[in-house]
Amino acid sequence: MENPLTSVRQAVFRFAEGGAALSARYHRARLVGAEHLPRHGPLLLVGNHGVWGYETPAFFHLLHRATGRYPLGLAERGFFKIPLVRTVLPWLGGVEGTRENALRSLQEGQLVVCYPGGARETFKRSQGRYRLRWEHALGFVRLAMQAGVPVVPFAGFGVDDTFFWPPDEDRWCVRLAAEDKYRMPLVMGLGPLPLPVQLTFAVGEPHEPPPSGASESRVRAFRDRVAASVRRLLLRACHA
């Protein structure tokens, strides 16, 4: 007899998969540069996050359609402090964004998606639209070095236009934790729906990480090189 929890998990996954496909259709979502996505083997995709992270299901849907693979997303650790979220998120392809989890996933040959900006980009204000918040983000570089896998940059355009910020936006924020990065802006859409803007995701050529044991300056230079690629891809996605 099938485990009831397994049945619930499968039902939740099917529901989420349908919702992701519907979101992609609603936003006329496109993926360019899919030739840089292998159908097998470990891969670390690194790119920008949209407001609320709303675009992620549509992006994951396009990745699956292009490669036949279900991506794993490295999720903000704070979400795993919420009881229901920490149960359901792994069912939907989200893993707690620790070095150990990420390394294990890559060693298993998974397609792993990383947003170095994390909550800083998800909970951005209007003046932060399409700005990368990677100030101290070196973890993805060290992960790629340790796992010995290339970093493939990507960029999503339209991801910061699905909602708009109300006037006096600083007033309309919910503090989820003591740190400022967890102050979630209460943005607005088309009634209960997001604005029907088109989402375009562009994937670039892989970058080989520095060798294990590389100097701190080389690690920072590699991060900056990947960030520059994401910015270029944003322009490509904008004009695609």
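Structure report, in brief. Remember, it's a predicted structure, so these values are computed and weren't measured experimentally.

## Details of the overall build of the protein chain
So, step 1. On a plain count of helices and strands, the protein chain comes out with 7 helices and 9 strands.
So, step 2. The buried share of the protein chain, taken over its 240 residues, is 47%.
So, step 3. In the protein chain, the proportion of contacts linking residues at least 24 apart, taken out of those at least 6 apart, comes to 80%.

## Here we look at the nonpolar core
A general trend in soluble globular proteins is that nonpolar side chains are found buried together.
So, step 1. Counting 51 residues, the largest nonpolar core has Leu 44, Leu 45, Val 113, Trp 134 and Phe 140 as the members making the most contacts within it.
So, step 2. With 8 residues, the top contributor of residues to this core is helix α7 (residues 216–239).
So, step 3. Filtering out sequence-adjacent residues up to four positions away, Val 113 remains in contact with Leu 45, Phe 59, Phe 60, Leu 63, Pro 71, Leu 72, Gly 73, Leu 74 and Phe 154.

## Brief notes about the pairing of strand β6 (residues 151–157)
So, step 1. Burial runs high along β6: 6 of the 7 residues are buried.
So, step 2. Where strand β2 (residues 43–47) and β6 come together, 4 bridges link them in parallel fashion. Its bridge partner lying in β6, Leu 45 is registered against Val 152.
So, step 3. Across 4 bridges, the pairing between β6 and strand β9 (residues 200–203) is antiparallel. Bridging from a neighbouring strand, Ala 155 pairs with Ala 202 of β9.

## What to know about the packing of aromatic side chains
So, step 1. This model, assessed by the stated rule, comprises 9 aromatic pairs.
So, step 2. For the ring pair Phe 13 and Tyr 70, a centre distance of 5.3 Å and an interplane angle of 75° mean the geometry is edge-to-face. Taken as a pair, Phe 13 in helix α1 (residues 4–26) and Tyr 70 in the loop between α2 (56–67) and β3 (72–75) lie far apart in primary sequence, 57 residues in all.
So, step 3. For the pair Tyr 54 and Phe 163, a centre-to-centre distance of 5.6 Å together with 80° between the ring planes defines the contact as edge-to-face. Residue Tyr 54 is located in the loop between β2 and α2, and its partner Phe 163 is located in the loop between β6 and β7 (173–175); the two are separated by 109 residues in the primary sequence.
So, step 4. On the accessibility criterion, Tyr 54 (22% relative accessible area) is partly exposed.
So, step 5. Here a set of aromatic residues connected by ring pairs shows up, and it is made of Phe 59, Phe 60, Tyr 115, Phe 154 and Phe 201.

Rules used in this analysis
Residues numbered from 1 in each chain as written. Predicted model: local features only at pLDDT ≥ 70, side-chain atom pairs only at ≥ 80, totals over all residues. Heavy atoms only, no water. Helix = DSSP H or I, 4+ residues; strand = E, 2+ residues; numbered from the N terminus. Buried < 20%, exposed > 50% of the residue type's maximum accessible area, 1.4 Å probe, protein only. Contact = heavy atoms within 4.5 Å. Core = buried A, V, L, I, M, F, W, Y, C linked by side-chain atoms within 4.5 Å. Pairing = 2+ DSSP bridges. Phe/Tyr/Trp six-rings, centres within 6.5 Å; stacked < 30°, edge-to-face > 60°.

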